[in-house]
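Per-entry structural report
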Amino acid sequence: MRFDTRLIHDRQPPDPLTGAVNVPIYLSSTFRQSAPNRNQGYVYSRSGNPTRAVLESAIGALESGAGGLAFSSGLGALATLLSAYPTGSRIVSVDDLYGGTWRLFEHHRRQFGLRVDYVDMTDETGLRSALREPTDLVYAESPTNPLLRLVDLRAVSALAHRVRTKLAVDNTFATPALQRPLELGADIVLHSTTKYLGGHSDIVGGALAFRSPKDLERFAWLQNAIGAVPSPFDCFLVLRGLRTLGVRMRAHGESARAVAEALEGHPKVRAVHYPGLSTHPQHALAARQMSGFGGMVSVDLAGGRKSALRFLRQLKVFTLAESLGGVESLVDHPATMTHASVPRAEREAHGVTEGLVRLSCGIEDPADLADDVRAALRGT
Ligand SMILES: *Cc1c(COP(=O)(O)O)cnc(C)c1O
């Protein structure tokens, strides 16, 4: 079956008990045992819940993996992933990262003696030299947040595997509708389901998907031991979001293209970052690796911080808020909002300037979004 059909039917059969076409929300913390340790597959909802189980196997299948696990947030998923790397382990990470991911890496570095090296993965030589030292995990985002840079996942997974290291990829921005890292060689996929998978800005959640059944088993143990699990109600909402992921990602892509084209070449704009523009330095890689370019655009305004703040105030359709991936358009100033936890020098060295604005293009009429950014530029 093709992807859009699988979004609706894969691992989501009608409820066997009643025929309900939607997965019931099993609001039960515990399950009856007919004798000690004799049960119907469920014991306690931290360990497993029937609504969550459907979401987990759907995400695992959509990412072309052996299975998936759901978490209370994207960072809950990351904390569980990092708990498998003891003191002295070394992670080689991409250098343009979600701010909260960076904060948690740094916390593990200071608190638990994890070693983390950040490298520019748009350039293979940096990664090659980083992998000369023993490495326990390579960690990437693609496209990256907020600069929309790409990592060649096929090339990076080959380099990681050559030194017997696994590759984990945060696929939040692309979603499995546009990019499936496990098919390109990655071993673990991470999601903030808060974003496009949920798609309606009404839940906070996370997920992991695994290539190997062994990893799935190991992390299922950690998921239960740590307990950062989502509620059955939130699992239901993510399942509902999954069903429209295909149509939503196409609409997000149309909006983002209209917005990127409205911004590109404008005299008040220093640079537009969107993988779908032919001027994006990695446009060819994006076209090869992804089946669409996504809904995120970032723009560096020539007037710096002052222009950025004025631009935010002028927007009418875009709402100023953290987060992304919902049906409504949102705008963010990374330097003072999502990436404020990254020190300024570090931020600027990677290109997250004070003039940078990140746009999550929703599924409103693309022409209204393009008009909104054009009008806001006039007023900056
Ligand atoms: C939001 C986000 C996260 C963190 O997820 P939460 O659900 O907010 O904990 C991780 N990675 C990326 C790319 C994100 O956008």
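Every value quoted in this text rests on a predicted model; they were computed, and no experiment measured them.

When you tally the buried positions in strand E1 (residues 67-71), you get five out of five residues, the bulk of the element. Side chains of E1 alternate between two faces, with Gly67, Leu69 and Phe71 and Gly68 and Ala70 buried alike. Pairing analysis gives five bridges linking E1 to strand E7 (residues 206-210), with the strands arranged antiparallel. Bridge assignment links alanine 70 to a residue of E7, and that residue is alanine 207.

Per the stated rule, a full pass over the model turns up five cavities of 30 Å³ or more. Taken as a whole, the largest cavity encloses approximately 130 Å³ of empty space. As for the largest cavity, its lining consists of Asp95, Asp96, Leu97, Trp102, Tyr118, His339, Val342, Glu346, Arg347, His350 and Val352. Tallied by class, the residues present in the lining of the largest cavity amount to five nonpolar, two polar and four charged. Structurally, the lining of the largest cavity is a two-domain feature, drawing no fewer than three residues from each of domain 1 (3-243) and domain 2 (246-378).

Turning next to the domain arrangement of the protein chain. You can read the domains of the protein chain as domain 1 (3-243) and domain 2 (246-378). Using C-alpha coordinates to define each centre, domain 1 is positioned 26 Å away from domain 2. Between domain 1 and domain 2, the residue contacts involve 39 residues of the former and 41 residues of the latter. Of the roughly 3100 Å² buried at the junction of domain 1 and domain 2 (both faces included), carbon and sulfur atoms supply 58%.

Locating threonine 80 in the fold gives a position in helix H3 (residues 74-82). Not counting residues up to four positions away in its chain, the partners in contact with threonine 80 are Phe71, Phe219, Leu222, Gln223 and Ile226.

The volume enclosed by the largest pocket comes to roughly 450 Å³. Asp15, Pro16, Tyr26, Tyr42 and Pro50 are, among the 18 residues lining the largest pocket, the residues nearest its centre. Estimates place the volume of the second largest pocket at around 380 Å³. Leu75, Tyr98, Ser192, Thr194 and Lys195 are the residues nearest the centre of the second largest pocket, which is lined by 22 residues in total. The class makeup of the residues in the lining of the second largest pocket is seven nonpolar, 10 polar and five charged.

Scoring rules and cut-offs
Residues numbered from 1 in each chain as written. Predicted model: local features only at pLDDT ≥ 70, side-chain atom pairs only at ≥ 80, totals over all residues. Heavy atoms only, no water. Buried < 20%, exposed > 50% of the residue type's maximum accessible area, 1.4 Å probe, protein only. Helix = DSSP H or I, 4+ residues; strand = E, 2+ residues; numbered from the N terminus. Pairing = 2+ DSSP bridges. 1 Å grid on protein atoms, 1.4 Å probe; cavity = no way out; pocket = protein on both sides within 12 Å on 5 of 7 lines; lining within 4 Å. Points joined across faces, edges and corners; volume = space filled by probe spheres on them. Nonpolar A, V, L, I, M, F, W, Y, C, P; charged D, E, K, R; others polar. Domains from an automatic or database assignment. Contact = heavy atoms within 4.5 Å. Buried area = accessible area lost by both parts, 1.4 Å probe.

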